[in-house]
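Here's the letter readout for the chains.
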Amino acid sequence: MAGRIRFTTDVTGRHFGRLDRPLLALLLAAGVAVWLLLRPELFLAVPMAWRLPLLLLGAWGLGTAFVRPLALEMGEGLLWRLSGMAFSRWALWGFAGVVVWLEVGG
């Protein structure tokens, strides 16, 4: 399956609709990354006990969103499986939601 891009299914073949679009996830990850570069002080309002888990969640979500188009192009493998997990997509959307919530609420 190398060279075949899958746009609407994960590794098990289930459909996830709009959350599974690699281009949408890539644009969201780029927007969140740029926003955090412009406003790094957003996480100063977060208590220290929540800061590390949020940063790990953000690193996972943003990292898999940036790697997923490459993994889809390369085909099956560990990177393809990890970037196609539903948790990776939910981590990205959850982290983006936290960033928006911190921006609006903070």
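The structure contained in this document is the topic of the report that follows. Because the structure is predicted, anything quoted here is derived from the model rather than measured. (Residues numbered from 1 in each chain as written. Predicted model: local features only at pLDDT ≥ 70, side-chain atom pairs only at ≥ 80, totals over all residues. Heavy atoms only, no water.)

Further remarks concern the overall build of the protein chain. In terms of regular secondary structure, the protein chain is built from four helices and zero strands. Along the chain direction, N to C, the helices and strands of the protein chain fall in the order α-α-α-α. Within the protein chain, the fraction of its 106 residues that count as buried is 33%. For the protein chain, the proportion of contacts with a sequence separation of at least 24, taken over those separated by at least 6, is 68%. As displayed, the protein chain offers around 6600 Å² of accessible surface, 74% of which is attributable to carbon and sulfur atoms. (Helix = DSSP H or I, 4+ residues; strand = E, 2+ residues; numbered from the N terminus. Buried < 20%, exposed > 50% of the residue type's maximum accessible area, 1.4 Å probe, protein only. Contact = heavy atoms within 4.5 Å. Areas by Shrake-Rupley, 256 points an atom, 1.4 Å probe, with all protein chains shown as cover.)

Okay, the pattern of salt bridges next. Tallied over the full model, the rule gives two salt bridges. Note that R39 and E41 form a salt bridge whose closest N and O atoms lie 2.6 Å from each other. The exposure class assigned to E41 is partly exposed, which follows from its relative accessible area of 37%. Linking E103 and R39 is a salt bridge whose minimum nitrogen-to-oxygen distance equals 2.7 Å. With E103 in helix 4 (residues 86-105) and R39 in the loop between helix 1 (22-38) and helix 2 (48-74), the pair connects residues that are 64 residues apart, well separated along the chain. A relative accessible area of 28% places R39 in the partly exposed class. (Salt bridge = Lys/Arg side-chain N within 4 Å of Asp/Glu carboxyl O.)

Turning to the environment of S83, a few remarks are in order. With respect to the secondary-structure elements, S83 resides in helix 3 (residues 78-83). Excluding residues within four positions of it along the chain, S83 makes contact with T64, R68, A71, S88 and R89.

Bringing the packing of helix 2 against helix 4 into the picture now. Helix 4 packs onto helix 2 with a crossing angle of 120 degrees between their chain directions and a minimal axis gap of 8 Å. One finds that helix 2 runs oblique with respect to helix 4. Viewed along their axes, helix 2 and helix 4 form a crossing whose handedness is left-handed. Every residue of helix 4 that contacts helix 2 at L54, L57, G58, W60, G61, L62, T64, A65 and R68 is listed here: F87, S88, R89, A91, L92, F95 and V98. Here the residues of the contact of helix 2 with helix 4 sort into 10 nonpolar, four polar and two charged. (Axes fitted to C-alpha atoms, helices over the stretch in contact; angles between N-to-C directions. Parallel < 35°, antiparallel > 145°, perpendicular 65-115°, else oblique. Left-handed = near helix turned anticlockwise from the far one by under 90°. Nonpolar A, V, L, I, M, F, W, Y, C, P; charged D, E, K, R; others polar.)

Here the focus is the packing of helix 1 against helix 4. Between helix 1 and helix 4, the least distance of the axes is 10 Å, while the angle of their chain directions is 35 degrees. The chirality of how helix 1 crosses helix 4 is left-handed. Residues L24, A25, L28, A29, V32, W35 and L36 of helix 1 form the contact with helix 4, whose own contacting residues are L92, W93, F95, A96, V99 and E103. Partitioning the contact of helix 1 with helix 4 into residue classes produces 12 nonpolar, no polar and one charged.

So, on to the packing of aromatic side chains. All chains considered together, the criterion is met by two aromatic pairs. Plain terms: the ring middles of F43 and F95 are 5.9 Å apart, the flat faces sit at 10 degrees to each other, and that makes the pair stacked. Here F43, found in the loop between helix 1 and helix 2, pairs with F95, found in helix 4; they are 52 residues apart in sequence, far enough to count as distant. The exposure class assigned to F43 is buried, which follows from its relative accessible area of 8%. (Phe/Tyr/Trp six-rings, centres within 6.5 Å; stacked < 30°, edge-to-face > 60°.)

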